[in-house]
Structure formats: C-alpha cells, structure tokens
Amino acid sequence: MLFPDWLTAAVLGLIEGATEFLPVSSTGHLIIAADFLGYTGDGAKVFEIFIQLGAILAVMWFYRHKLFTVIKGLPTERSAQKFTMNLIVAFIPAAVIGLLTHSYIKALLFNPKFVAIALIVGGFIILLVERFAPPPRIHHVDDMSPWDALKVGVAQCFALIPGTSRSGSTIMGGMMFGLSRTTATEFSFFLAIPTMLAATMYDLLKHWHLLHPEDIHMMAIGFVAAFISGLAFVSMLLHYISKHTFKGFAYYRIIFGTIVLWYFWS
C-alpha cells in the first residue's frame, strides 16, 4: 500500500459516498482510485464491498421519515403498498440479470481501461437524454405506476457494466420514460436501497472468508467516511438538480474518462 491504511480507507470511503448517488459511477471511481493508491487484491475488493453499506445507510437516514411512513402504513395504506410494489418491480430485472452475469462481469470488465471507456460513453448518453427526453408527465414518486417502475428497473440493468453508473442509468432511464428530473433522482435513491443491500450482502457472503480481524479498523473508517459523504452528496444533488441539468456531470465523465484512458494506456 502506497499510503497509510487509515488515509486510504478514508479517501476511498469519501469517494464511495460522494459518487454512489451521482451519475458518475462509484465503481469506476473506486477501481481507479484504488489502483492509484496501490490498494488492490482480495482485501481491497472486500473493503470496497463493505463501505457500500455506509452509503446505503446514508440514503436510508436521509429518507428515514418517508421509509418509516411506508413501513408503518404497509398493512393498511394503499399508497404505501403501491410504493413498495414499485420498488420490488424495479428491483427484479437487475437482480435476475445480475445473478446470471455477476461472475462474468467481475472477471472480464472490472479494469480501469474499460471503466474509462464506459465513463466517456455514459457522458455522451447523458447529453443525448438531456437533449431528447420527453416533457415530464410524472412529478412525484407516489404517482408512478408499476409499469413506470419496471422500465426504470430495466434501465438499471445497464449499471451492471462497470463505469456506467447505477444512478446514471436509473435517472436517465426515468427521464426518458417521462419522470421529472427530481422524481427520477429520488426514485433512483429509493431503488438504491434494496439493490445495493442485495448486491452488497451477496458479495460479502461470497467473500466472507477474505475478511480478517486486522482489517476492521480500515473498514470502520471507510464505512463512516462513506456515510458522511453519502449523506452530504444526496442533499447536494437534490438541491443542484432543482436549478440545473445533468450536463455538467456528462462533461465531467467525458473529461475524466479521457484522462484515465490516457493514463492507463500510456
């Protein structure tokens, strides 16, 4: 490891929390940052899986009142039942395809060069969506139908490709299917909870044998850093998109991806 382990853990945790909910690919940034910091191997993979829990907890805490209301009203309230059903419907496509392709994707596509290309391509896709997305017809997550949720869930499947961005896929997909920018973003946040929990728990169980007591302090630092930065960036993104488009993120992806591609190819 090129840097002190506590610093590496803090930096990677901050990157995870900051990028998980932005349309810039947290996985891509972690692959690139870990390579730069010299933190690779099986231990690094488990660490990167674990700190995702901090980012998940951040979005759950941010929306705790909404989640509590849904859970409380689930037995009797139609709106809570509909919201829950929409999340289940949206979750299923990526869950099924992810289980079928997980090992193949991990083995072949998790490398900095491929991630850089995906970042660039994703940037151009965001620009296209901002240019050609239809006028929004849905302005609140509670107004979504199961069919709307399913279409966003299908869009989320593209996030299985490293560097694509789960948030980017669901938000851009939602906008193309008639969700307002804010609605697509919020539904992406809610959908992140079951999707990331399932993916994280699956990976942790699969790699449980790689966990070691001496790594606990790094994981704790990374977890806390991911929670703090995740909480901050969820709030910042919602405020940002209330006044701006996603074009700035598209340009960032293109520039950053180009730099990374040049760095690793040269």
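Criteria and thresholds
- Residues numbered from 1 in each chain as written.
- Predicted model: local features only at pLDDT ≥ 70, side-chain atom pairs only at ≥ 80, totals over all residues.
- Heavy atoms only, no water.
- 1 Å grid on protein atoms, 1.4 Å probe; cavity = no way out; pocket = protein on both sides within 12 Å on 5 of 7 lines; lining within 4 Å.
- Points joined across faces, edges and corners; volume = space filled by probe spheres on them.
- Helix = DSSP H or I, 4+ residues; strand = E, 2+ residues; numbered from the N terminus.
- Nonpolar A, V, L, I, M, F, W, Y, C, P; charged D, E, K, R; others polar.
- Buried < 20%, exposed > 50% of the residue type's maximum accessible area, 1.4 Å probe, protein only.
- Lys, Arg positive; Asp, Glu negative; His and termini not counted.
- Salt bridge = Lys/Arg side-chain N within 4 Å of Asp/Glu carboxyl O.
- Phe/Tyr/Trp six-rings, centres within 6.5 Å; stacked < 30°, edge-to-face > 60°.
- Expected span 1.5 Å × (residues − 1).
- Arc of directions from axis to C-beta.
- Polar contact = N/O pair within 3.5 Å; in protein donor to acceptor, adjacent residues only side chain to side chain.
- Contact = heavy atoms within 4.5 Å.
- Axes fitted to C-alpha atoms, helices over the stretch in contact; angles between N-to-C directions.
- Parallel < 35°, antiparallel > 145°, perpendicular 65-115°, else oblique.
- Left-handed = near helix turned anticlockwise from the far one by under 90°.

Student: Is there a simple way to think about the layout of surface pockets in this case?
Tutor: Of the volumes computed, that of the second largest pocket is approximately 350 Å³. At six residues, the largest contribution of residues to the lining of the second largest pocket is made by helix α6 (residues 112-132). Grouping the constituent residues of the lining of the second largest pocket by class yields 11 nonpolar, five polar and one charged.

Student: Looking at this structure, how should I read the side chain of R166?
Tutor: With respect to the element layout, R166 can be found in helix α8 (residues 166-176). Although R166 lies buried, it forms no salt bridge, and the closest oppositely charged side chain, E20, sits 4.3 Å away as judged by the N-O distance.

Student: Hey, could you run me through the packing of aromatic side chains in this one?
Tutor: Given two aromatic rings, one states the distance between the centres and the angle between the planes to describe the pair. Scanning all chains against the criterion turns up 10 aromatic pairs. Look at Y39 and F47: their rings are 5.6 Å apart centre to centre, the planes differ by 70 degrees, and that puts the pair in the edge-to-face class. An identical accessibility class is assigned to Y39 and F47; each is buried. Taking 6.3 Å as the distance between ring centres and 45 degrees as the angle between the ring planes, the aromatic pair formed by Y63 and F189 counts as tilted. Note that Y63 is positioned in the loop between α3 (42-62) and α4 (64-73) and F189 in helix α9 (residues 181-206), a separation of 126 residues in sequence.

Student: Mind showing me how you'd approach helix α1 (residues 5-19) here?
Tutor: Residue pairs spaced three or four apart in an α-helix point in one direction, given the helix's 3.6 residues per turn. Given a rise of 1.5 Å per residue, 15 residues ought to cover 21 Å, and the 21 Å separating the end C-alpha atoms of α1 matches this to within 8%. For α1, the complete set of buried residues consists of T8, A9, A10, L12, G13, E16, G17, A18 and T19.

Student: Where do I start with helix α11 (residues 247-265) in this structure?
Tutor: Here α11 is 19 residues long and its end C-alpha atoms lie 27 Å apart, about the 27 Å a rise of 1.5 Å per residue gives. Among the residues of α11, F249, A250, R253, I254, G257, V260 and L261 are the ones counted as buried. Projected down its long axis, α11 carries its buried residues within an arc of 145 degrees, all on one side. Opposite the buried face of α11, at more than 90 degrees from it, the exposed residues are I255 and W262.

Student: Just to check I follow, could you spell out the side chain of S165 for this structure?
Tutor: Checked against the element boundaries, S165 lands in the loop between α7 (146-156) and α8. You can call S165 buried: its relative accessible area is 4%. One polar contact links the side chain of S165 to the main-chain amide nitrogen of S167, over a distance of 3.4 Å. Sequence-distant contacts of S165, defined by excluding residues within four places in its chain, comprise L22, P23, V24, S25, A159 and R253.

Student: I'm lost on the packing of α8 against α9 in this one. Help?
Tutor: Axis angle and axis distance: for two packed helices, these are the angle between their axes and the distance between the axes, and together they describe the pair. Running from N to C, α8 and α9 point in directions that differ by 135 degrees, and their axes come no closer than 8 Å. In terms of their interaxial angle, α8 and α9 are classed as oblique. Of the two possible hands of crossing, α8 and α9 adopt the one that is right-handed. In this structure, α8 uses R166, S167, T170, I171, G174 and M175 to contact α9, whose residues at the interface are R181, A184, T185, S188, L191, A192 and T195. Across the contact of α8 with α9, the residue classes break down as five nonpolar, six polar and two charged.

Student: What should I look at first to understand the pattern of salt bridges in this one?
Tutor: Pairing between side chains of opposite charge can happen when the charged atoms of each approach one another. A full pass over the atoms with the stated rule returns three salt bridges. Here R181 makes a salt bridge to E130, at a shortest N to O gap of 2.6 Å. Placement of the pair is R181 in helix α9 and E130 in helix α6, with a sequence separation of 51 residues. On the basis of relative accessible area, E130 is assigned to the buried category, the value being 15%. The salt bridge partner of R137 is D148, with a shortest N-O separation of 2.7 Å. With a gap of 11 residues between them, R137 in the loop between α6 and α7 and D148 in helix α7 connect regions that are remote in the sequence.

The analysis is restricted to geometry; functional conclusions fall outside its scope.
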